[in-house]
Amino acid sequence: MHAVGACTASLGSLGLMRFFGVPWSWSLAASLGVYIGSGGWRLLRVVFKTALRDLFGLSVLLRVKYKLRRHQKAKNTIPKMFQDVVCRHPDKVALIYEATGEKWTFRWLDEYSNAVANYFYQQGFRLGDVIAIFMESRPEFVGLWLGMAKVGIEAALINFNLRLDSLVYCVTTSGAKAVIFGGELSSAISEVNGMLGKNMAKYCSGDYNPDVIPVETRHLDPLLSTASKSPPNQVPVKGLDGTTGMPKAAIVVHSRYYRIAAFGYYAYKMHPDDILYNCLPLYHSAGNIMGVGQCLIHGLTVVIRKKFSASRFWDDCTKYKCTIIQYIGEICRYLLNQPVRESETQHCVRLAVGNGLRPTIWEDFTKRFRIKQIGEFYGATECNCSIANLDGKVGACGFNSRILPSVYPIRLVKVNEDTMELIRDSRGLCIPCRPGEPGLLVGQINQQDPLRRFDGYVSESATNKKIAYNVFEKGDQAYLSGDVLVMDELGYMYFKDRSGDTFRWRGENVSTTEVEGILSHILNQTDVAVYGVEVPGVEGKAGMAAIADPKAKVNPNVLYQELQKVLPPYARPIFLRFLPQVDTTGTFKIQKTRLQREGFNPHQTSDRLYFLDLKLGKYVPLDECLYERICAGKVAL
């Protein structure tokens with residue numbers, strides 16, 4: 001608003017001086033002086049520094065929007081777009097499976113997915129029916145959901161790390177009538193066979209061992225080999241508004257699948273000759289949309305690795321001449337933690353695209369592995385407020401234009417960071433954050449605009465929790481991301497903390513991600529989880545760090561000496577826990593739930609525990625006696 005006022009003042013002075021007959025050159029010079037003197041130089045600086053970035057971002061936005069409109073008019077679906085790619089180069093390699101060296105051409109993938117479509121249609125599955133896919137990453141995974149989408153069958157993609165009750169819950173919640181599982185997961189299905197229901201059809205793909213799998217299971221591979229490989233006759237007509245066949249917990253329509261893949265393609269200047277290395281799980285949107293989507297929609301070759309391997313990563317990239325790699329979570333840190341090897345400088349990789357690259361290791365990663373561009377982006381599968389870092393600004397997960405902020409209607413709005421409740425003004429509307437102020441990222445919802453729509457989750461209650469009303473203006477709706485970000489003066493946005501990733505101690509907010517990054521850096525990229533724990537009778541939460549130390553090499557007090565140099569007193573962990581390994585999710589994010597539950601109680605674990613004794617100025621072993629004294633309030637924290 002200040003810059004707008006300055007602009008108004010300068011225009012007023014320009015008109016006034018022309019009224020008195022002053023020459024145009026003098027008028028312009030005087031007006032510019034008024035504008036700059038009134039603070040307008042800040043806007044000029046922003047324009048000068050961000051115009052090219054914003055124009056490129058706008059061109060990407062308009063290009064994706066135009067193509068989406070065109071596909072909508074033609075009632076195109078992801079399978080139809082894939083068909084166009086197949087027609088252009090049927091014999092080009094679409095997928096390479098690293099585990100076997102198998103190469104699937106676009107024709108092969110098309111025929112396999114046709115067999116899937118025809119077989120399941122013949123078995124009585126129809127538009128809107130759900131089949132769960134539970135297998136590790138391999139080309140068949142892609143062919144299965146793609147084939148189902150060709151006849152409108154929806155695939156529920158199940159995390160292959162799930163077991164027992166969690167597995168049963170995800171399969172049954174999806175409403176699946178059948179489950180296709182990989183032979184490698186036969187024992188996991190056998191464990192829950194009785195809980196899946198008598199009517200649940202079961203198919204095994206891959207290694208088929210009758211001694212392990214449930215009796216009524218059918219071996220899918222020979223059934224598909226005899227099915228018709230011709231295009232199915234029963235093609236759904238919902239177009240881009242229909243589901244891709246991938247509801248998971250979040251519903252993904254064809255337009256959302258296209259949007260995510262297309263933004264990545266155009267924003268990071270990918271081209272059909274690129275070879276993309278994908279070691280991410282295919283049940284996750286990063287692996288299956290941002291990665292495989294480039295193959296299905298734009299014709300790139302994608303190398304699929306069954307599971308991420310830090311030691312084989314650069315060898316694979318060199319072997320397959322990959323030009324793009326994907327990362328997520330802690331992958332980049334795991335790679336930095338590896339010993340130097342020859343292949344890490346012999347590769348052809350020019351772009352690393354993903355999310356979760358910590359700012360503390362950003363430059364170390366690009367320099368060591370000679371990566372020209374980091375394509376960091378932010379966004380959940382279902383969100384309508386995704387942002388992207390287009391110009392490699394270190395640490396930023398994206399940007400929003402300061403010059404034309406309304407072109408892409410997302411905002412950071414003020415929120416109570418403890419309760420995550422929106423803070424509203426006297427009119428009942430949300431309060432936008434100024435540069436430097438942390439805020440919740442929200443995106444205005446417009447169900448008629450494929451870029452702005454929000455399709456929600458399988459659970460209606462979960463969907464409703466993500467929608468707020470009267471955010472930008474009266475009567476509107478907005479999607480709540482659940483994440484707190486900070487925007488700088490130039491519009492770059494930086495990830496602050498996910499909900500629950502801060503705790504309050506000694507009157508200060510402690511960022512767990514910041515402390516984790518510093519600890520991990522001191523300990524040479526070791527896995528670290530930082531969280532707050534409650535201490536009886538003490539206000540706030542005390543910091544605790546769980547550190548992976550399988551060989552008991554870390555000296556707590558040498559660590560404390562380093563922490564004193566880089567962390568303020570309130571951010572230094574009060575408790576330490578050394579354990580063989582830190583739990584991670586299937587997408588390489590640190591798991592803290594169990595650790596927080598167990599806290600600093602030595603009765604709950606046999607791991608080494610330490611307490612920061614402020615009087616002694618060092619960490620001391622935490623035994624049951626000391627634990628009782630802390631809980632009784634007899635020890636100063």
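The structure this text deals with has already been given above.
What you are looking at is a predicted structure, and each value in this text was computed from that prediction instead of being measured. (Residues numbered from 1 in each chain as written. Predicted model: local features only at pLDDT ≥ 70, side-chain atom pairs only at ≥ 80, totals over all residues. Heavy atoms only, no water.)

Student: What exactly am I supposed to notice about the overall build of the protein chain here?
Tutor: Scanning the protein chain for helices and strands turns up 18 helices and 28 strands. Overall size of the protein chain, expressed as C-alpha extent along the three principal axes, is 85 × 80 × 55 Å. Burial statistics for the protein chain: of 637 residues in total, 55% are counted as buried. For the protein chain, contacts bridging at least 24 residues in sequence account for 68% of all contacts bridging at least 6. Put simply, the protein chain has 76 plus and 61 minus side-chain charges, and the middle of one group is 5 Å from the middle of the other. (Helix = DSSP H or I, 4+ residues; strand = E, 2+ residues; numbered from the N terminus. Buried < 20%, exposed > 50% of the residue type's maximum accessible area, 1.4 Å probe, protein only. Contact = heavy atoms within 4.5 Å. Lys, Arg positive; Asp, Glu negative; His and termini not counted. Charge placed at Lys NZ, Arg CZ, Asp CG, Glu CD.)

Student: Looking at this structure, how should I read the pairing of strand β23 (residues 508-511)?
Tutor: A regular strand places its side chains so that they alternate between the two faces of the sheet. As defined by bridge partners, strand β22 (residues 502-505) adjoins β23 across 4 bridges and the pair is classed as antiparallel. Looking at the pairing, Arg504 lines up with Asn509 of β23. With antiparallel pairing between neighbouring strands as the criterion, β22 and β23 make up a hairpin whose turn holds 2 residues, including Arg506 at a positive phi of roughly 55°. (Pairing = 2+ DSSP bridges.)

Student: Looking at this structure, how should I read the side chain of Asn601?
Tutor: Checked against the element boundaries, Asn601 lands in the loop between α17 (593-598) and β27 (608-613). Asn601 gets classed as buried once you look at its relative accessible area, which sits at 15%. One polar contact links Asn601 to Tyr627, side chain to side chain, over a distance of 3.4 Å. When neighbours within four sequence positions are excluded, Asn601 is seen to be in contact with Leu609 and Tyr627. (Polar contact = N/O pair within 3.5 Å; in protein donor to acceptor, adjacent residues only side chain to side chain.)

Student: Sorry, what's going on with the packing of helix α15 (residues 512-522) against helix α16 (residues 556-566) here?
Tutor: The axes of two packed helices give the description: the angle between them and the distance between them. Interaxial distance between α15 and α16 falls to 11 Å at its minimum, and their mutual angle equals 130°. Comparing their axes, α16 and α15 come out oblique. Relative to α16, the crossing made by α15 is right-handed. Where α15 abuts α16, its residues Ile518, Leu519 and Ile522 lie against Leu559, Glu562, Leu563 and Val566. Class assignment of the residues belonging to the contact of α15 with α16 gives a composition of 6 nonpolar, no polar and 1 charged. (Axes fitted to C-alpha atoms, helices over the stretch in contact; angles between N-to-C directions. Parallel < 35°, antiparallel > 145°, perpendicular 65-115°, else oblique. Left-handed = near helix turned anticlockwise from the far one by under 90°. Nonpolar A, V, L, I, M, F, W, Y, C, P; charged D, E, K, R; others polar.)

Student: Sorry, what's going on with the packing of helix α9 (residues 254-267) against helix α10 (residues 285-298) here?
Tutor: Contact pair α9 / α10: the axes reach a minimum separation of 8 Å and the direction vectors enclose 85°. On the basis of the axis angle, α9 is roughly perpendicular to α10. Judged by residue contacts, Tyr257, Tyr258, Ile260, Ala261, Ala262, Gly264, Tyr265 and Tyr266 of α9 engage Asn288, Ile289, Met290, Val292, Gly293, Gln294, Leu296, Ile297 and His298 from α10.

Student: Would you mind going over the sheet that holds strand β28 (residues 618-621) with me for this structure?
Tutor: Within a sheet, each strand pairs with its neighbour through backbone hydrogen bonds, oriented either parallel or antiparallel. Within the open sheet, the 5 strands sit side by side as β24-β25-β26-β27-β28. Their pairing is mixed. Only two strands of the sheet have a single partner each, and these edge strands are β24 (528-533) and β28. Averaged over all neighbouring strand pairs, the angle between strand axes comes to 25°, with direction disregarded. Note that strand β26 (residues 575-579) and β27 share 4 bridges and pair antiparallel. Its bridge partner being in β27, Leu576 is matched across the sheet by Tyr610.

Student: Before we go on, may I ask you to explain the pattern of salt bridges in this structure?
Tutor: Pairing between side chains of opposite charge can happen when their charged atoms approach one another. Scanning the entire structure with this criterion turns up 33 salt bridges. The salt bridge partner of Arg312 is Asp316, with a shortest N-O separation of 3.9 Å. When its relative accessible area of 1% is taken as the criterion, Asp316 is described as buried. Across the pair Glu516 and Arg358 runs a salt bridge whose closest N-O atoms are separated by 3.3 Å. Of this pair, Glu516 sits in helix α15 while Arg358 is found in the loop between β11 (351-355) and α13 (362-369), placing the two residues 158 residues apart along the sequence. Here the two residues Glu516 and Arg358 agree in accessibility, since each one is buried. In this structure, a network of salt bridges that share partners links the residues Glu330, Arg333, Arg358, Glu516, Asp527 and Lys592. (Salt bridge = Lys/Arg side-chain N within 4 Å of Asp/Glu carboxyl O.)

Student: Teacher, can you tell me more about helix α5 (residues 139-150) here?
Tutor: Since the α-helix advances by 3.6 residues per turn, residues separated by three or four positions end up pointing in the same direction. The terminal C-alpha atoms of α5 lie 17 Å apart, and with 12 residues this matches the ideal 16 Å at 1.5 Å per residue to within 8%. Most of α5 is tucked away, with 12 of its 12 residues classed as buried. Two residues or fewer after α5 comes Gly152, characterised by a positive phi angle close to 80°. (Expected span 1.5 Å × (residues − 1).)

Student: Looking at this model, I keep getting lost on the packing of aromatic side chains. Mind explaining?
Tutor: Two aromatic rings, taken as a pair, are described by how far apart their centres are and by the angle between their planes. This structure, assessed with the given rule, holds 23 aromatic pairs. Look at Trp145 and Tyr257: their rings are 5.5 Å apart centre to centre, the planes differ by 55°, and that puts the pair in the tilted class. With Trp145 in helix α5 and Tyr257 in helix α9, this residue pair connects regions lying 112 residues apart in the sequence. Just as Trp145 is buried, Tyr257 falls in that class too. With centroids separated by 5.3 Å and ring planes inclined at 75°, the aromatic side chains of Phe308 and Phe588 adopt a geometry described as edge-to-face. Separated by 280 residues along the polypeptide, Phe308 in the loop between β9 (301-304) and α11 (313-319) and Phe588 in the loop between β26 and α17 bring together distant segments of the chain. Residue classification places Phe588 among the buried residues on the basis of a relative accessible area of 13%. Pairwise contacts between aromatic rings join Tyr277, Phe308, Phe313, Trp314, Tyr334, Phe365, Phe369 and Phe588 into one cluster. The ring of Tyr492 carries the charged tip of Lys393 above its face, separated from the ring centre by 5.4 Å. In this structure, Arg506 packs its charged tip against the face of Trp505, placed 4.4 Å from the ring centre. (Phe/Tyr/Trp six-rings, centres within 6.5 Å; stacked < 30°, edge-to-face > 60°. Lys NZ or Arg CZ within 6 Å of the ring centre and 35° of its normal.)

Student: Quick question: what am I supposed to make of the nonpolar core here?
Tutor: As a rule of thumb, nonpolar side chains are buried together in soluble globular proteins. Grouped together as the largest cluster of nonpolar side chains are 116 residues, with contacts concentrated most on Phe120, Phe134, Trp145 and Leu296. In terms of nonpolar packing, the next biggest core, distinct from the first, is built from 46 residues, Leu523, Ala545, Val582 and Tyr627 among them. (Core = buried A, V, L, I, M, F, W, Y, C linked by side-chain atoms within 4.5 Å.)

Student: Is there a simple way to explain the sheet that holds β11 in this structure?
Tutor: Strand order in this open sheet of 8 strands is β2-β1-β9-β8-β10-β11-β12-β13, and the pairing throughout is mixed. Every other strand in the sheet has two partners, leaving β2 (102-105) and β13 (387-388) as the edge strands with one partner each. Relative to β9, strand β1 (residues 93-97) runs parallel, the two sharing 3 bridges. For Leu95, the partnering residue across the bridge sits in β9 and is Val302. Each of β1, β8 (275-278), β9, β10 (324-328) and β12 (373-378) touches α10; the most contacted strand, β8, lies at about 160° to it. With respect to the sheet, α13 is in contact with β10, β11 and β12, its orientation differing from that of β12 by roughly 145°.

Student: Looking at this structure, I do not really get the environment of Ser401. What am I missing?
Tutor: Within the element layout of this structure, Ser401 appears in the loop between β14 (398-399) and β15 (410-413). Sequence separation between Ser401 and Ala51 is 350 residues, and the spatial gap between their C-alpha atoms is 8.8 Å. Here Asp54 takes part through its side chain, which lies 2.8 Å from a polar atom of the side chain of Ser401. For Ser401, the side chain forms a polar contact with the main-chain nitrogen of Ile403, separated by 3.1 Å.

Student: Honestly, a nonpolar patch on the surface in this entry has me stumped. Any pointers?
Tutor: Together, Val47, Ile403, Leu404 and Val407 give the surface a local cluster of nonpolar side chains, amounting to about 290 Å² of exposed area. We classify Val407 as partly exposed; its relative accessible area is 39%. (Patch = residues over 30% accessible without salt bridge, like charges linked within 9 Å, V, L, I, M, F, W, Y side chains within 5 Å. Areas by Shrake-Rupley, 256 points an atom, 1.4 Å probe, with all protein chains shown as cover.)

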